[in-house]
Amino acid sequence: MVLTDALTPIVAAGYALTVGDLDGLARLPREFFDRPATEVAPDLLGCILWHASAAGLVAARLVEVEAYRGAIDPASHSFRGRTARNAVMFGPPGHAYVYFSYGMHYCVNLVCEPAGRAEAVLIRAGAVVAGAGLAGRRRYGLPDTTGSPDGVSTTDGSSQAAPPRNGARSRDLDLARGPGRLCQALGIDRSLDGADVCAPAGPLGISPPGAMDPPVATAAVTIATGPRVGISRAADRPWRYWLAGDGHVSVYRPSKPRDARPKPVSGRAAEDGTMHE
DNA sequence: TGCTCGATTACCT
DNA sequence: GGTAATCGAGCAA
């Protein structure tokens, strides 16, 4: 399924933006998130997620998200009720739910709907539009040999991430392609679990399209939808949204059983219509 | 208390 | 294309 011309201008939609006390950046207001995750998710595409830390600012334009719908969604972490890990999801909208995955990666969600509904949008991929030098160092672990300061770098996405360890995959496209990579590039970990992205003074924020990057030709943008990545339950629900044709979108992988369980012969495998690489 | 699995990624063949 | 790495949440006993 492909929706054309679907990037909703945030302001035109009637949302009054909040401006940060310290950074002066416009932020999406809490009402923006006070809706079903399946409505919030496509509207987040093109928006700028950023994290200002002592090391500097890194910001990414969102190109891929997934909606998780709480009690009505078996794939959601909150489906089985509230636990210590997912408590933030049951709180008010506009907060970050950060969890640790596969023993080595963090993933970040933005909580939607009023408290108690436990819906959220998983941020899967983005294009780094500020702080690419810092993001590259976080991702590839090299000292800063570029001489560029931390903080805001060029905004055209062409800048100077430090090259990766083996030098072969030195593509800026990979900086924040995938939920774990995005969190690493932005320096997001469990210490930001519960962070209020709508609070004017918070270190984590989300701004409308064009807040930091050159305005993208939103009128021509195509939003595609398809099944979510890597889940085994409710895998047929098309609640993944991405900017069609954008190279920063992650690779689609269906859920892979861990053990050598025989695969169902009646393979209903990849009728998803999503991007593969 | 112990075991299994996962909203992933990087590396190797 | 396949798999090791790695650890916490959740479930069963």
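Summary of the structure given here. Bear in mind the structure is a predicted one, so any value in this text is a computation, not a measurement. (Residues numbered from 1 in each chain as written. Chains lettered and ligands numbered in written order. Predicted model: local features only at pLDDT ≥ 70, side-chain atom pairs only at ≥ 80, totals over all residues. Heavy atoms only, no water.)

## Topic: the overall build of chain A
Helices and strands together make up the secondary structure of chain A, namely four helices and 11 strands. Residues counted as buried form 52% of the 277 residues belonging to chain A. If you take every contact in chain A between residues at least 6 apart in sequence, the share linking residues at least 24 apart comes to 65%. Here chain A displays about 12,600 Å² of accessible surface, and carbon together with sulfur accounts for 56% of that area. (Helix = DSSP H or I, 4+ residues; strand = E, 2+ residues; numbered from the N terminus. Buried < 20%, exposed > 50% of the residue type's maximum accessible area, 1.4 Å probe, protein only. Contact = heavy atoms within 4.5 Å. Areas by Shrake-Rupley, 256 points an atom, 1.4 Å probe, with all protein chains shown as cover.)

## Quick look at the protein's contact with DNA strand B
If you check the shell around DNA strand B, you find 25 residues, and the closest are Tyr99, Asn109, Arg139, Gly180 and Arg181. The sugar and phosphate moieties of DNA strand B supply 48% of its atoms located within 4 Å of the protein. Here a base nitrogen of DNA strand B and a side-chain polar atom of Tyr99 are 3.0 Å apart. Counting residues per element, the ones that place at least two in the surface near DNA strand B are strand S6 (96-101), strand S7 (105-112), strand S8 (119-130) and helix H4 (179-186). Looking at the surface near DNA strand B residue by residue, the classes come out as eight nonpolar, nine polar and eight charged. (Near = heavy atom within 4 Å. Polar contact = N/O pair within 3.5 Å; in protein donor to acceptor, adjacent residues only side chain to side chain. Nonpolar A, V, L, I, M, F, W, Y, C, P; charged D, E, K, R; others polar.)

## As for the protein's contact with DNA strand C
Surrounding DNA strand C, one finds Arg80, Thr83, Arg85, Phe100, Tyr102, Gly103, Met104 and Lys256. For DNA strand C, the backbone portion of the atoms within 4 Å of the protein, that is sugar and phosphate, comes to 64%. Taking Arg80, its side chain carries an N or O atom lying 2.8 Å from a phosphate oxygen of DNA strand C. Tyr102 has a polar backbone atom sitting 2.5 Å from a base oxygen of DNA strand C. Taken together, the residues of the surface near DNA strand C sort by class into three nonpolar, two polar and three charged.

## Re helix H2 (residues 37-44)
Since the α-helix turns once every 3.6 residues, residues separated by three or four places project in the same direction. Most of H2 is tucked away, with seven of its eight residues classed as buried. Residues of H2 that are buried include every one of Ala37, Thr38, Val40, Ala41, Pro42, Asp43 and Leu44, and no others. Positive backbone phi, at 95°, marks Gly46, one or two positions downstream of H2.

## A closer look at the nonpolar core
Core analysis: the biggest nonpolar cluster contains 51 residues, and Phe33, Leu44, Leu49, Val121, Ile123, Ile188 and Ile206 have the highest contact counts within it. Among the elements that line this core, the one with the most residues is strand S5 (residues 56-68), at six residues. Each residue touching Leu44, except ones within four places of it in the same chain, is listed here: Leu28, Phe32, Phe33, Leu62, Leu110, Val121, Ile123 and Ile206. Grouped together as the second largest cluster of nonpolar side chains are 14 residues, Tyr68, Val88, Tyr97 and Ile231 included. (Core = buried A, V, L, I, M, F, W, Y, C linked by side-chain atoms within 4.5 Å.)

## Some remarks on the packing of helix H3 (residues 132-140) against H4
A pair of packed helices is characterised by two quantities: the angle between their axes and the separation of those axes. Their axes nearest at 7 Å, the elements H3 and H4 cross at an angle of 120°. Classed by the angle they form, the pair H3 and H4 counts as oblique. In terms of crossing hand, the pair formed by H3 and H4 is right-handed. Mapping the contact onto sequence places Ala135, Arg138 and Arg139 in H3 and Arg181, Gln184, Ala185 and Leu186 in H4. Among the residues forming the contact of H3 with H4, the class breakdown is three nonpolar, one polar and three charged. (Axes fitted to C-alpha atoms, helices over the stretch in contact; angles between N-to-C directions. Parallel < 35°, antiparallel > 145°, perpendicular 65-115°, else oblique. Left-handed = near helix turned anticlockwise from the far one by under 90°.)

## What about the packing of aromatic side chains?
Within this structure, the stated rule accounts for four aromatic pairs. With a centroid separation of 5.4 Å and an interplanar angle of 70°, the aromatic rings of Tyr15 and Phe32 are classed as edge-to-face. In this pair, Tyr15 sits in the loop between strand S1 (2-4) and strand S2 (18-19) while Phe32 sits in helix H1 (residues 30-33), placing the two residues 17 residues apart along the sequence. Residue Tyr15 shares its accessibility class with Phe32, and that shared class is buried. Among the aromatic residues, those joined into a cluster by ring pairs are Tyr15, Phe32 and Phe33. The ring of Trp239 is capped by Arg69, whose NZ or CZ atom sits 5.8 Å from the centre of that ring. For Arg228, the ring lying beneath its charged end belongs to Tyr68, and the centroid distance is 4.6 Å. (Phe/Tyr/Trp six-rings, centres within 6.5 Å; stacked < 30°, edge-to-face > 60°. Lys NZ or Arg CZ within 6 Å of the ring centre and 35° of its normal.)

## Points about H3
Of all nine residues in H3, eight are buried; the element is thus mostly enclosed. Taken together, the buried positions of H3 are occupied by Ala132, Gly133, Leu134, Ala135, Gly136, Arg137, Arg139 and Tyr140. Check the buried side of H3 and you find it contacts S5, S8 and H4. Looking one or two places after H3, you find Gly141, whose phi comes out positive at around 70°.

These values are about where atoms sit, not about what they do.
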